[in-house]
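Chain by chain, the residues:
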Amino acid sequence: MKKWLSHTNSTVLSVAVIGIFILLTLFLNSLGGFQLDLTSNKQYTLSDQSLTAIKNVKEDVNILVLTVENANNTVLNREVSDMVQEYTKRNSKLTMKQYNLTQEPTLASKYGITGSSIVLEQGDQYKVIDIASLFTAVGDGSDGSYQFTGEEKLTQALMNLSSTEMHKMVFLTGHEELGLDQLTTLRSSLEQNNITTEELQLNQAGQVPEDADVLAIIGPQRDISDTELKAIRTYLSNGGKLLLSLGFHEDMKLTWKNIDALMTDYGVVDEHAVMVDNQQASTMGPLWVVPEYGTHAITDKLSESKLYPMLSLSIALTSKEQDKYTLSPLIHSSNDSYGETNIAGLLQNETTNDPDQDVQGPVELGYAADTTDGKPKAVILGSSIFMQDSEIVNGGNRDFILNTVNYLSEKEDGVTIRPRVQSGYQTAYLDGKQARTIFFVAIVAFPLIFVMIGVLLWWRRRRV
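Residues numbered from 1 in each chain as written. Predicted model: local features only at pLDDT ≥ 70, side-chain atom pairs only at ≥ 80, totals over all residues. Heavy atoms only, no water.

Visitor: Now, about the UniProt feature "transmembrane region" (unreviewed entry) in the chain: what can you tell me, with residues and values included?
Guide: Taking the UniProt record as the reference, the feature "transmembrane region" (unreviewed entry) is found at residues 12–34 and 438–459. For residues 438–459, the end-to-end C-alpha separation is 31 Å, with 100% helix and 0% strand making up the annotated structure. (UniProt positions renumbered as here; feature names shortened; annotations may be inferred. Helix = DSSP H or I, 4+ residues; strand = E, 2+ residues; numbered from the N terminus.)

This is the structure we're talking about:
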């Protein structure tokens, strides 16, 4: 009888445990997307901005993850895929499809991509995110750690996909500026942000289009005419905004009369001096500057994330008193820098810091001019090469110029999500002996120990 009761109790206990397990499984399944993120940097926890954007998706969106697989980027590709899956878990309107880009030339051609990318597609509209732009090395990158901005850029693309907020930016031509054919990456990024672009021959058109939100003058080599200056001032006085980014020319001091006058309207003075930064001399070269940020809406988030632009052949700027606009320094060179005024000597690779003639560092390299009621009016930068296709992917170049344009355009649906800092991954390579040891312990030793424990318990209960 005692033995029968013991077996009955064991049976009841087993049934109870199974029942509790089933009920717990059903309960957890009823929680839907519930999950507990135990990662140190909350890698799988989305921000409130992202959750709101995901909730607001009312039409089907296909998210295509097209990656190039190799030993160097397997972990990074998986991080991107994991992030996209976090979005699709929270709204059934979002679906993810993953492809090997090298095996899908048709898709690459359809979306005009050449490298690993995320494509968000809704009907006949689509947005493309370059996966390489989501990762930025921390510090000198020696420890392998990096920043991941995937959530911010995916959420922004998701919002832009259905946004009705559109802006227009026109690029002045006719003075040997950097044209849109040299700024294809910037142009694509602007269009992904719902900012259309076109070039403007002002001496032919006669006026800046009234529907242009921003007039961009990028790296002019020749001065604008008196007539063009008048037309630009008319556009600006009627509510237009200006992005003026200087180029380098050996005769700029003598020939840039009207460009200098346009800058002076906002209290910015061109010193006609090329920046030499000894802090960068041993790494990138003395004509390169990795500037520090001032305090402004354009730069604050970039400063927190330590995303700095990388500039070359930068022109020194200063400011003068005026009461029409509030002038805010955006970027400046290091203390160990100076603005070389002897351009002829610089062209012969001869430069020394002359305290009596040269502009002493730190030197301002960019200003934002806002109206007295806090509205953006102009941004004037001492460099433009960082925007061209060969340079825009370096450092924080792309983020800096996009923040600048978004600020001038007064985009209302901008997203600011702090990047996640990830520790570097290291690959462990095992030799034959190590591999055999792991195999023996995991496949042979551990199971054998459990079998022996089970046999011992069975034997003891049998004796009882």
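Visitor: Give a description of the nonpolar core that names residues and reports values.
Guide: Among the nonpolar cores identified, the biggest contains 38 residues, and M169 and L243 are the most heavily contacted of them. Per element, the largest residue contribution to this core is six residues, and it comes from helix α13 (residues 397–409). Setting aside anything within four residues of it in sequence, one finds L243 in contact with M169, V214, L215, A216, I217, I218, V379, L381, I401, T404, V405 and L408. Core analysis: the second largest hydrophobic core is formed by 37 residues, A231, V274, V276 and L346 among them. (Core = buried A, V, L, I, M, F, W, Y, C linked by side-chain atoms within 4.5 Å. Buried < 20%, exposed > 50% of the residue type's maximum accessible area, 1.4 Å probe, protein only. Contact = heavy atoms within 4.5 Å.)

Visitor: Provide a residue-level description of helix α10 (residues 257–264), including the pertinent values.
Guide: The complete set of buried residues in α10 reads N258, I259, D260, L262 and M263. Contact partners of the buried residues in α10: β9 (214–218), α8 (226–237), β10 (241–245), β11 (268–277), β15 (315–319) and β20 (376–381).

Visitor: Go over the confidence of the model for the chain with me, naming the residues and quoting the values.
Guide: Summary statistics for the chain give a mean pLDDT of 84 and a share of 85% for residues scoring 70 or more. Of all helices and strands in the chain, the one with the weakest mean pLDDT is strand β21 (residues 420–422) (63), whereas β10 scores best (97). (pLDDT = per-residue confidence, 0-100.)

Visitor: I'd like a description of the side chain of D277, backed by residues and values.
Guide: Tracing the backbone through its elements, the reader meets D277 in strand β11. An unpaired buried charge is present at D277: no salt bridge exists, and K306, the closest side chain of opposite charge, is 17 Å distant. Among the polar contacts listed, one links the side chain of D277 to the side chain of S334, at a separation of 2.8 Å. Every residue in contact with D277, bar those within four places of it in the chain, is listed here: P286, W288, V289, S333, S334, D336 and S337. (Lys, Arg positive; Asp, Glu negative; His and termini not counted. Salt bridge = Lys/Arg side-chain N within 4 Å of Asp/Glu carboxyl O. Polar contact = N/O pair within 3.5 Å; in protein donor to acceptor, adjacent residues only side chain to side chain.)

Visitor: Before we move on, could you go through the pairing of β20 and cite the residues and values that matter?
Guide: Remember that side chains alternate between the two faces of the sheet whenever the strand is regular. Of all six residues in β20, six are buried; the element is thus mostly enclosed. The pairing of β10 with β20 spans four bridges and is parallel. Among the inter-strand pairings, L242 is bridged to a residue of β20, identified as A378. Here strand β19 (residues 364–371) folds back onto β20 in antiparallel fashion, the turn holding four residues, of which G374 has a positive phi close to 85 degrees. (Pairing = 2+ DSSP bridges.)

Visitor: Can you explain the side chain of N193? Please cite residues and give values.
Guide: Its location among the elements puts N193 in the loop between α6 (184–192) and β8 (195–200). Contacts of N193, omitting those with residues within four sequence positions, involve Q156, N160, L402, N406 and K411.

Visitor: Give me the lowdown on the sheet that holds strand β3 (residues 117–122), citing residues and values where you can.
Guide: Pairing between the strands of a sheet is mediated by backbone hydrogen bonds and can be parallel or antiparallel. In spatial order, the strands read β2-β1-β3-β4; together these four strands make up an open sheet with mixed pairing. Looking along the sheet, the strands with just one partner apiece sit at the ends: β2 (94–100) and β4 (125–130). Taken pair by pair, the neighbouring strands of this sheet meet at an average axis angle of 20 degrees, ignoring direction. Pairing analysis gives six bridges linking β3 to β4, with the strands arranged antiparallel. In the strand pairing of β4, S117 is matched with D130. Across the face of the sheet, helix α3 (residues 74–88) comes into contact with β1 (61–67), β2 and β3 while running at roughly 160 degrees to β2. (Axes fitted to C-alpha atoms, helices over the stretch in contact; angles between N-to-C directions.)

Visitor: Describe in detail the pattern of salt bridges, supporting the description with residues and values.
Guide: Enumeration over the complete set of coordinates arrives at 15 salt bridges. The shortest N-O distance in the salt bridge between D130 and R398 comes to 3.8 Å. Of this pair, D130 sits in strand β4 while R398 sits in helix α13, placing them 268 residues apart in sequence. Note that E152 is salt-bridged to K301, the shortest N-O span being 2.7 Å. Pair noted here: E152 is in helix α5 (residues 150–162) and K301 is in helix α11 (residues 300–305), with a separation of 149 residues, a long-range link. Connected via shared salt-bridge partners are E86, K89 and R90.

Visitor: Before we move on, could you go through unusual backbone geometry and cite the residues and values that matter?
Guide: With an omega dihedral of 0 degrees, the bond running from G361 to P362 counts as a cis peptide bond. With respect to the helices and strands, the residue P362 is situated in the loop between β18 (359–360) and β19.

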